[in-house]
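# Working through the structure, step by step
Letter by letter, the chains look like this.
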Amino acid sequence: MKPRTLRCWLVGGIVGTVATLLSCSGSAASDAYSSAVTADGPVAYYRFNDSQTRTLINLNSGSLGAAGNASNDLASVTLGVVDSIPGAIAGDPDRAEFFDFTTRTEIPFNSALNTPSDKPFSVEAWFYPVSDQVSTGMSPLANRYTQGTTRQGWVMYQRAPDENHCTTCGPGVGWEVRMYNNQDTSGHLDVTSGVGFTLGKWQHVVFVYDPVQVTNATLTIYVDGVPAATNVWAATDGVTPGYYPNLGDNAVQPNGPPAMSLGGYNNANSGTYGFANPWIGGIDEFAWYSNALSPAQILAHYQNGTNAARSTPYANLIQSDHPVEYLRLDEVASGPDVAVNFGDQRSAGDGTNTPAIKHPGSGPLAGRTDSGSHSSHYRDTGASGHAFTSIPWTAGNNPDAGTPFTVEFWTKPTGDQMNPGPSPINNRVANGITDRTGWVIYQRDPNASYQGPPSVPGESGIGWTFRMYTGNGGSGNDVLTGQPYKLGEWQHLVFTWSPQTDNGASASGSEQWNGILTAYVDGVAAASNTTASYAANTNPTEDPANHPPADLAIGSYNLASGLGEEFEGDISQVAIYSNLVLTADQVLAHYMAGTNAQPSTNYETLVFTAAAEQATPTIPERATLPATYLPLNEPAFVPGTNSGTLGGFAPATLVLTTNTASGPAGSGFVAANSAVPLNGTNAWVSLNDPAGLNFPNQITLEAWVKPDATQGDLARIISHGPPTSTVYDTNTYPIELSGSQLSSNEVFLRIEGGTNYSVGTSDGFTFHGATAAVPAGDLGGGWIYLAGTYDGTHWNLYRNGVQIATVTDSQGALPVTAAEWAIGATGMGWADFFAGAIDEVAIYNKALSPSQVQAHYNSATVSAVALHITKSGSSYVITYDSGTLQSSPTVNGTYNTVPGANSPYTVPAGTSVMFYRVKL
């Protein structure tokens, strides 16, 4: 939008031009405030006007319009949910859809998507395969009719990933497109790519139907921009086409005319609602064209989609080729907040997230914008609730003790509380049970200094403990890594169990085995227990109290352990491999891939193919996939859009709140303007720590706030950092701080003690900034506009557009490392919660000038402005009651701020023709 302006007059100078004397006024335009803010280029700007509606509809942006909208139509039938995952396009933060073998998305029948056999068409999509299932053939796309003696339309199948897999389970390698010709029930014009795909990696696929002369039509499939295979129809009778479109008036239609389906067979097939041959994996950027895309166009699409430095947005390129149907698939789908399982247990391995979990957090995979994590915490659970993810008992996560298994994950601890022992992952039955089964992982000391003297409460070793229970009593057998870690830094952990001897039934009833328990840290074997005993969880539990089976929890003790032992930090890339012990070489390869921004094989592929590397000579389908694989990189469940220049690379996540408060009202805001309500106890907004928000020195922090009457000692409005501090008194416990604890740098706009507004920076010891008293009536009153800047020489604080404090200081915003941005709390939301409502938060990597700050406030509050021109002797004088005076030599030209102009402003002598306006 253009900034809100009022143009009023043409001034003629003293060189003979007649001056026009005017008096005029103008009214504010709706949404003027956001226009004023965005015109000044914030890197982050959160309006909190996002719709939080979770929809079953995916919008079509092709020429067919709303008639091509797609519906996730099985939500009420299979209760399956189409989940959101990071999308396929490099450097594009849009979402994609993940289909979990129980879901599909359908586009209602439309003749525009079923062209006659003498017309060409093209179909395009990006696919993220996660399973090597070949039989029964999984169908990612289907647009066919099968109810009767003849079939129409087409279907697409996923075949074997490569020649090393079970190609005999289904025909061929790669992707197959099968076309029907309305003559019988067999496919006729088929093509199979013959080019393999990689589990855990996006692939671009296009197929093009070209009728030529109908009886010698071609079907060509392209993989990653390159033609892979072509089949030519040879009509034996010289008349019959190889393809025939679906019709909308078929005689037998159990579920309506044939729809186009993503994620499985469509409605016009046999079975309940026609759903069969479901697919598991991600789909993104689906497009259907009523023409044959050229090889050059297809290659351009692939190259654009894989080039994060593209000059043309991917969506713009697709639109320029005029698709009839184009689904970006970036809507927030209906359903609960889940951690999506990419492993072979499929939706049975999905985790349910509690509202206190923050996701996505920053991720461990180097150079990856789609890497994420779940962030849990150990602060007062009575106020904030337990922050964890829970997966119900499954056999895949609880193999019998005689079955080897591996647990792998990345963790970034941000707290050092050792008592009680924080548990990042837990899978045991322990709550009130006599004979415990399963296993648990504990965080131990960051380094040896915690062992004292005196030792910190709860001290019991260095690194991480993997404890296995024996089914006899409450004690377990441990392996302790013994390796230090640094707070605020990622560490890769792997634990393997190799059973050796069957000890028979334990007291719990579960079989007990002796074996070898080994721990790896950052790719290297750290410790081993060669005499460990273990008894697995069972369903049902075999104890007199008949406890429920153990769930697997991420972020704390599980439900079957009564919760507690919350972990402070981030967890990512959780994988559980049943019947597999990762080799030392594999563990190292996983670590190296995760820490290499350009690995030869991407990290996810190593997870999916770990067991396949040990299978010979042919890899059986679904036998080598991990049971559970949770990347934990799902988009925010309650998102907030960034309208600043960083866009989707700095989104917001609303934690334990939604944008349900009424925001500031006035002539400069949209009707029904919304804001974020914050309760001063646990609700906050996370911005993570995107690279584009890491800048020192000049800065502006800006927000509208409606503070409650009562605030804590510190109530943060906007905060970068500080990192989570140690929970121990370093005068009593002379511990060695590490990682993020070595830096206490922060930048903030906040309320201090309920008495002062403050903007500034601190290294944990010295404050640099500006402070001013909170005027009477601000707390518990209405909306207040606050802005704080550092301009290179001064910290400045503004209230309702007026400067209320300025301090000369050579220190600007300090660089902040290993901490995050937050609204309404410290970074990572561990303390200093704001009570009230916050809206229109903006962050700039520069200092707004006093006139810009005033203009922002005026744009929100000034409903009319009066401007006058008068002649005083031989001079012309312009007066205006607010805003910034701008001028241009032409009426529709570029307007620039008049240097040093204040009302009244005298037009310089010699001015010939000049147009003036006021920018609010």
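Above this text you will find the structure in question.
Below you will find a few notes about this structure. (Residues numbered from 1 in each chain as written. Predicted model: local features only at pLDDT ≥ 70, side-chain atom pairs only at ≥ 80, totals over all residues. Heavy atoms only, no water.)

The subject of this paragraph is the overall build of the chain. When helices and strands are counted, the chain shows seven helices and 56 strands. Over its C-alpha atoms the chain spans a radius of gyration of 32 Å, differing by no more than 12% from the 29 Å that the globule rule assigns to 920 residues. In terms of principal-axis extent, the alpha carbons of the chain reach across some 105 × 90 × 45 Å. Looking at the 920 residues of the chain, the share that counts as buried comes to 59%. (Helix = DSSP H or I, 4+ residues; strand = E, 2+ residues; numbered from the N terminus. Rg over C-alpha atoms; globule rule 2.2 N^0.38 Å. Buried < 20%, exposed > 50% of the residue type's maximum accessible area, 1.4 Å probe, protein only.)

A few words on the sheet that holds strand 33 (residues 552–554). The sheet built from eight strands is open, its strands ordered 20-21-24-33-26-27-28-29 with antiparallel pairing. The open sheet has two edge strands with one neighbour each: strand 20 (338–339) and strand 29 (476–480). Two elements, strand 27 (residues 437–443) and strand 28 (residues 464–469), share five bridges in a ladder whose sense is antiparallel. When the bridges of strand 28 are listed, I441 appears paired with F466. (Pairing = 2+ DSSP bridges.)

On to the nonpolar core, then. Membership of the largest hydrophobic core comes to 82 residues, with the highest contact counts inside it found for F121, F127, W154, M179, F207, F286 and F342. Apart from residues lying up to four places away in sequence, F121 is in contact with T115, W154, M179, F207, V208, Y209, Y243, W288, Y289, S290 and N291. One finds A703, V705, I718 and W821 within the second-largest nonpolar core, a separate group that totals 45 residues. (Core = buried A, V, L, I, M, F, W, Y, C linked by side-chain atoms within 4.5 Å. Contact = heavy atoms within 4.5 Å.)

Moving on, we come to the environment of A125. On the secondary structure map, A125 appears in strand 9 (residues 121–129). Put simply, A125 and Q203 are 78 residues apart on the chain and 8.5 Å apart in space, counted from C-alpha to C-alpha. Dropping the residues within four chain positions of it, A125 is found in contact with Q203, H204, V205, I283, D284, E285 and F286.

Okay, the pairing of strand 40 (residues 684–688) next. Among the five residues that make up strand 40, five are buried, leaving the element largely enclosed by the rest of the structure. Of the two faces of strand 40, the one carrying W684, S686 and N688 and the one carrying V685 and L687 are both buried. In this structure, strand 37 (residues 652–655) lies alongside strand 40, joined through three bridges in antiparallel fashion. Its bridge partner being in strand 40, V655 is matched across the sheet by W684. Note: strand 40 against strand 49 (residues 821–823), three bridges, orientation antiparallel. Across the sheet, S686 pairs through a bridge with A822, a residue of strand 49.

All chains considered together, the criterion is met by 21 salt bridges. Between E285 and R328 there is a salt bridge, with the nearest N and O atoms lying 2.8 Å from each other. Taken together, the residues E285 in strand 18 (residues 280–289) and R328 in the loop between strand 19 (325–327) and strand 20 connect sequence positions 43 residues apart. K358 is the partner of E820 in a salt bridge, and the nearest nitrogen-oxygen pair spans 3.1 Å. On the criterion of sequence distance, the pair formed by E820 in the loop between strand 48 (802–808) and strand 49 and K358 in strand 22 (residues 358–362) is long-range, its members being 462 residues apart. Taken as a pair, E820 and K358 share a single burial class, namely buried. (Salt bridge = Lys/Arg side-chain N within 4 Å of Asp/Glu carboxyl O.)

Position of E604 among the secondary structure elements: in helix 6 (residues 603–609). Its relative accessible area of 6% is what places E604 among the buried residues. Among the polar contacts made by the side chain of E604, one reaches the side chain of R368 at a distance of 2.4 Å. With residues near it in sequence (within four places) discarded, E604 still touches Y128, L199, G200, L365, R368 and Y629. (Polar contact = N/O pair within 3.5 Å; in protein donor to acceptor, adjacent residues only side chain to side chain.)

Moving on, we get to helix 1 (residues 32–39). Taking burial as the measure, the eight residues of helix 1 include six buried ones, the bulk of the element. Buried residues of helix 1: A32, Y33, S34, S35, A36 and V37, and no others. Tucked into the core, helix 1 has its buried residues touching strand 3 (44–46), strand 41 (699–707), strand 46 (784–790), strand 50 (835–844) and helix 7 (850–861). Downstream of helix 1 by one or two residues, G41 has phi in the positive range, about 70°.

What follows deals with the packing of aromatic side chains. In this structure the tally under the stated criterion is 39 aromatic pairs. Ring geometry for W439 and F466: centres 5.1 Å apart, planes at 25°, overall stacked. Here W439 is found in strand 27, whereas its partner F466 is found in strand 28, with 27 residues between them in sequence. This pair shows no difference in class: W439 is buried, exactly as F466 is. Ring geometry for Y905 versus Y916: centroids 6.5 Å apart, planes at 55°, classification tilted. Residue Y905 is found in strand 55 (residues 905–906), and its partner Y916 is found in strand 56 (residues 913–919); the two are separated by eleven residues along the sequence. (Phe/Tyr/Trp six-rings, centres within 6.5 Å; stacked < 30°, edge-to-face > 60°.)

Moving on, we get to a nonpolar patch on the surface. On the surface, L56, I57 and L59 cluster together into a nonpolar patch covering about 230 Å² of accessible area. Along the polypeptide, L59 turns up in the loop between strand 4 (57–58) and strand 5 (70–71). (Patch = residues over 30% accessible without salt bridge, like charges linked within 9 Å, V, L, I, M, F, W, Y side chains within 5 Å. Areas by Shrake-Rupley, 256 points an atom, 1.4 Å probe, with all protein chains shown as cover.)

Let's shift gears to the sheet that holds strand 43 (residues 746–752). The eight strands are arranged 36-37-40-49-42-43-44-45 in an open sheet whose pairing can be described as antiparallel. Each of the sheet's edge strands pairs with one partner strand only, and the pair in question is strand 36 (639–640) and strand 45 (767–773). Looking at chain direction, strand 42 (residues 714–720) and strand 43 are connected through six bridges and run antiparallel. The residue bridging R716 from the neighbouring strand is R750, located in strand 43.

All right, on to helix 5 (residues 584–594) then. Turn by turn, an α-helix covers 3.6 residues, leaving residues three or four places apart pointing in a common direction. Inspection of helix 5 places Q586, V587, H590, A593 and G594 among the buried residues, and these make up the whole buried set. Down the axis of helix 5, the buried side of the element spans an arc of 130°, and every buried residue falls inside it. Those residues of helix 5 hidden inside the fold are in contact with strand 25 (405–413), strand 30 (491–505), strand 31 (511–521), strand 34 (569–578) and helix 6. (Arc of directions from axis to C-beta.)

Quick look at the side chain of Q886 now. Counting through the fold element by element, Q886 comes out in strand 53 (residues 884–888). Here R917 takes part through its side chain, which lies 2.7 Å from a polar atom of the side chain of Q886. Setting aside residues no more than four positions away along its own chain, Q886 makes contact with Y895, N896, T897, V898, F915, Y916, R917 and K919.

Contact pair helix 1 / helix 7: the axes reach a minimum separation of 7 Å and the direction vectors enclose 160°. Here helix 1 lies roughly antiparallel to helix 7, going by the angle between them. For the pair helix 1 and helix 7, the crossing hand works out as right-handed. Taking contact as the criterion, the partners of A32, Y33, A36 and V37 in helix 1 are, on helix 7, H856, S859 and A860. (Axes fitted to C-alpha atoms, helices over the stretch in contact; angles between N-to-C directions. Parallel < 35°, antiparallel > 145°, perpendicular 65-115°, else oblique. Left-handed = near helix turned anticlockwise from the far one by under 90°.)

If a strand is regular, its side chains alternate between the two faces of the sheet. The pairing of strand 28 with strand 29 spans five bridges and is antiparallel. Bridged to T465 within strand 29 is L480. If you look at the hairpin formed by strand 28 and strand 29, you'll find six residues sitting between the two strands, and G471 has a positive phi there, around 80°.

To continue, consider the environment of K919. Within the element layout of this structure, K919 appears in strand 56. A residue is classified by how much of its surface remains accessible, and K919, at 15% relative accessible area, is buried. When the C-alpha positions of K919 and V607 are compared, they lie 57 Å apart, and in sequence the two are 312 residues distant.

Note the cis peptide between P453 and P454, where omega equals -15°. Mapping P454 onto the fold places it in the loop between strand 27 and strand 28. With an omega of -5°, the peptide bond between G721 and P722 qualifies as cis. Positive phi, close to 60°, is recorded for L79, a residue that is not glycine. As for its placement among the helices and strands, L79 is situated in the loop between strand 5 and strand 6 (83–86). A positive phi angle, near 55°, is found at Q573, a position not held by glycine. The topology assignment puts Q573 in strand 34.

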